[in-house]
Protein chains: 2
Amino acid sequence: MHELLYKKITEIISISEEEFNFCKTLFVPKKLRKRQFLLQEGDVCKYTTFVTKGLLKSYTIDNKGTEHILQFAFEGWWIADLYSFLTEQASLFNIEAIENCELLLITKFSREQLLNKVPSFERYFRILVENNLIATQKRLMGNLSETAEEKYTNLINNFPGCIQRIPQHMIASYLGITRETLSRIRSQIATRK
Amino acid sequence: MHELLYKKITEIISISEEEFNFCKTLFVPKKLRKRQFLLQEGDVCKYTTFVTKGLLKSYTIDNKGTEHILQFAFEGWWIADLYSFLTEQASLFNIEAIENCELLLITKFSREQLLNKVPSFERYFRILVENNLIATQKRLMGNLSETAEEKYTNLINNFPGCIQRIPQHMIASYLGITRETLSRIRSQIATRK
DNA sequence: GTAATCGCGTGATTTAGATCAATACAATTT
DNA sequence: AAATTGTATTGATCTAAATCACGCGATTAC
């Protein structure tokens, strides 16, 4: 159950078996059915979540009722509302299972314990968040400069797997375009070939 | 010269006088004239920069020749091409002085030394990058959901100072709209009052 | 087993913002 | 003092993508 967690951590830092055994005790396992919420807007995000199985999305609903997806999280990824988790303020995001999921949750308090007892985790989480920032900056710049079609083709080049598992209307919402536009783009690309 | 740096660091972590004295030795001071480059696209970003005076921007130029601004950096802020700095790959961004600047530069190597000798800096940089990620996520979501006018009014609400110091066409470029659109929005807002 | 919801495609129309173009007037540079 | 460059405005036109609207299989629910 914790193999993937161990694998992902040791890709970035080295830890001893004892340290990982301690680490394991701090996580709470949780299963989620498709369409269930891990977090709802307005609640405080009490956990940072590691995905061992399945797929989730974090998103907001704007004042017109449109969904905007911040992140997808596949197996081996982390997901949380970082702002809410760190400040313990009401969350701005929803986190919802796209597929049935198996998760490992860690509270802010437990994470602090981990950081104190195994200081190399300070480095681990710094690097995680650095990589996330780099990816988010890239996505932001892409959004400012690319056409709808470029956004889509770049996405499928960077994450070829996602088209198999994520419904089109969610991909559209992640890209910041409508489902109709994405549908038209896809048929254009198909006929061009 | 290092007072602002000291102030900003100790807002987040506690360090001793010796530790800060060691820290100081790792930074190289640099002055930059308005329009000078701190980094040019294609070069490796060798430094993370702390701004003690002045104002800079990081930006890309897309294939149509349009400038897209990732970040402004005022006094007390940090700026770098994080991807290039961490991976030592060619930079995707330019960093350029908007005003005459006084800067403190630290190399990746010196930063590693600092992290090793004063481990609480691990925490400092983690928190910096966490806050940056939260802000970038917020900006991204805003870009997906807001109109041009909303983007502008949110910006001036969050950073009232920026309109005084940043030319309008750069604000437009930061918001992902054209100077003409921003100009029209401003005159609409003005006549509405 | 049939009603309801979900996911996708496609056509007609609208619109926010881009693009193209001309002007004005600082602020620098020479 | 003249020339150049940077910054902002305002008008006319265009266009990429949104919106509105409908049909139609595939799942899911009761």
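This write-up is about the structure you can find in this document. (Residues numbered from 1 in each chain as written. Chains lettered and ligands numbered in written order. Predicted model: local features only at pLDDT ≥ 70, side-chain atom pairs only at ≥ 80, totals over all residues. Heavy atoms only, no water.)

### Topic: the relation of the copies chain A and chain B
Mapping chain A onto chain B is achieved by rotating through 180° and translating by 0.0 Å along the same axis, at an RMSD of 0.0 Å. What the rotation and shift describe, once combined, is the action of a two-fold rotation axis. Of the interface residues in chain A, 100% have counterparts in chain B that sit at the interface too, so the contact is made through matching surfaces. (Least-squares fit on C-alpha atoms with pLDDT ≥ 70 in both. Contact = heavy atoms within 4.5 Å.)

### Quick notes on the environment of Ile79(A)
Residue and element names in this part refer to chain A. Relative to the elements of secondary structure, Ile 79 occurs in strand 6 (residues 78-79). Residue class for Ile 79 comes out buried when judged on its relative accessible area of 1%. Residues Ile 79 and Ser 173 lie 94 residues apart in sequence; the distance between their C-alpha atoms is 18 Å. Once you skip the residues sitting within four places of it in the chain, Ile 79 turns out to touch Thr 48, Thr 49, Lys 57, Ser 58, Gln 71, Ala 73 and Ile 95. (Helix = DSSP H or I, 4+ residues; strand = E, 2+ residues; numbered from the N terminus. Buried < 20%, exposed > 50% of the residue type's maximum accessible area, 1.4 Å probe, protein only.)

### Thoughts on the nonpolar core
In terms of nonpolar packing, the biggest core is built from 39 residues, with Leu56(A), Leu103(A), Leu32(B), Leu38(B), Leu56(B) and Leu103(B) touching the most fellow members. Setting aside chain neighbours within four positions, we find Leu56(B) in contact with Leu32(B), Leu38(B), Val51(B), Gln71(B), Phe72(B), Ala73(B), Ile95(B), Glu96(B), Ala97(B), Ile98(B), Cys101(B) and Leu103(B). (Core = buried A, V, L, I, M, F, W, Y, C linked by side-chain atoms within 4.5 Å.)

### Digging into the pattern of salt bridges
Evaluated as defined, the whole model comprises 17 salt bridges over all chains. When the shortest N-O distance is used, the salt bridge between Glu11(B) and Lys8(B) registers 3.8 Å. One salt-bridge network, held together by shared partners, links Arg111(A), Glu122(A), Arg126(B) and Glu130(B). (Salt bridge = Lys/Arg side-chain N within 4 Å of Asp/Glu carboxyl O.)

### Considerations on the packing of helix 6 (residues 148-158) of chain B against helix 8 (residues 168-175) of chain B
Each pair of packed helices can be summarised by the angle the axes make with each other and by the distance between the axes. All names here are of chain B. The N-to-C vectors of helix 6 and helix 8 enclose an angle of 115°; their axes lie 10 Å apart at closest approach. On the basis of the axis angle, helix 6 is roughly perpendicular to helix 8. With respect to the hand of their crossing, helix 6 and helix 8 are arranged in right-handed fashion. In contact with Lys 151, Tyr 152 and Leu 155 of helix 6, helix 8 contributes Ile 171, Tyr 174 and Leu 175. Its residues placed into classes, the contact of helix 6 with helix 8 shows 5 nonpolar, no polar and 1 charged. (Axes fitted to C-alpha atoms, helices over the stretch in contact; angles between N-to-C directions. Parallel < 35°, antiparallel > 145°, perpendicular 65-115°, else oblique. Left-handed = near helix turned anticlockwise from the far one by under 90°. Nonpolar A, V, L, I, M, F, W, Y, C, P; charged D, E, K, R; others polar.)

### Observations regarding the protein's contact with DNA strand C
Neighbouring residues of DNA strand C: 16 residues in total, closest Gln168(A), Arg184(A), Ala148(B), Thr178(B) and Thr181(B). For DNA strand C, the backbone portion of the atoms within 4 Å of the protein, that is sugar and phosphate, comes to 68%. Contacts to DNA strand C include Ala148(B), whose backbone N or O atom sits 2.8 Å from a phosphate oxygen. In the environment of DNA strand C, a phosphate oxygen lies 2.4 Å from a nitrogen or oxygen atom belonging to the side chain of Thr181(B). When contributions to the surface near DNA strand C are tallied by element, the ones reaching two or more residues are helix 8 (168-175) and helix 9 (179-192) of chain A together with helix 9 (179-192) of chain B. Counting residues per element, the surface near DNA strand C draws most heavily on helix 9 of chain A, which supplies 4 residues. Class assignment for the residues of the surface near DNA strand C results in 3 nonpolar, 8 polar and 5 charged. (Near = heavy atom within 4 Å. Polar contact = N/O pair within 3.5 Å; in protein donor to acceptor, adjacent residues only side chain to side chain.)

### Considering the sheet that holds strand 2 (residues 37-39) of chain B
Residues and elements named next belong to chain B. The strand order across the open sheet formed by 4 strands is 2-7-4-5, and the pairing between neighbours is antiparallel. Looking at strand neighbours, the two that pair on one side only are strand 2 and strand 5 (67-73), the edges of this open sheet. Averaged over all pairs of adjacent strands, the angle between strand axes in this sheet comes to 30°, irrespective of strand direction. Strand direction decides the pairing type here: strand 4 (residues 56-61) and strand 7 (residues 94-97), joined by 4 bridges, are antiparallel. Considered in strand 7, the bridge of Lys 57 is made with Glu 96. (Pairing = 2+ DSSP bridges.)

### With respect to the protein's contact with DNA strand D
If you check the shell around DNA strand D, you find 15 residues, and the closest are Ala148(A), Thr181(A), Gln168(B), His169(B) and Ser183(B). Here, DNA strand D places atoms within 4 Å of the protein, and 69% of those atoms are sugar or phosphate. A distance of 2.8 Å separates a phosphate oxygen of DNA strand D from a polar atom in the backbone of Ala148(A). For the surface near DNA strand D, the elements supplying multiple residues, two or more each, are helix 9 of chain A together with helix 8 and helix 9 of chain B. Each residue belonging to the surface near DNA strand D can be placed in one class, and the counts come to 3 nonpolar, 7 polar and 5 charged.

### Here's the deal with the packing of helix 6 of chain B against helix 9 of chain B
Residues and elements named next belong to chain B. Contact geometry of helix 6 with helix 9 gives a least axis separation of 10 Å together with a crossing angle of 75°. Relative to helix 9, helix 6 is oriented roughly perpendicular. Between helix 6 and helix 9, the contacting residues are Ala 148, Glu 149, Tyr 152 and Thr 153 on the first element and Thr 181, Leu 182, Ile 185, Arg 186, Gln 188, Ile 189 and Arg 192 on the second. Class assignment of the residues belonging to the contact of helix 6 with helix 9 gives a composition of 5 nonpolar, 3 polar and 3 charged.

### Brief notes about the sheet that holds strand 2 (residues 37-39) of chain A
Residues and elements named next belong to chain A. Within the open sheet, the 4 strands sit side by side as 2-7-4-5. Their pairing is antiparallel. Strand pairing shows two members of the sheet lacking a second neighbour, strand 2 and strand 5 (67-73), which therefore form its edges. In this sheet, neighbouring strand axes are inclined to one another by 30° on average, regardless of whether the strands run parallel or antiparallel. The pairing of strand 4 (residues 56-61) with strand 5 spans 6 bridges and is classified as antiparallel.

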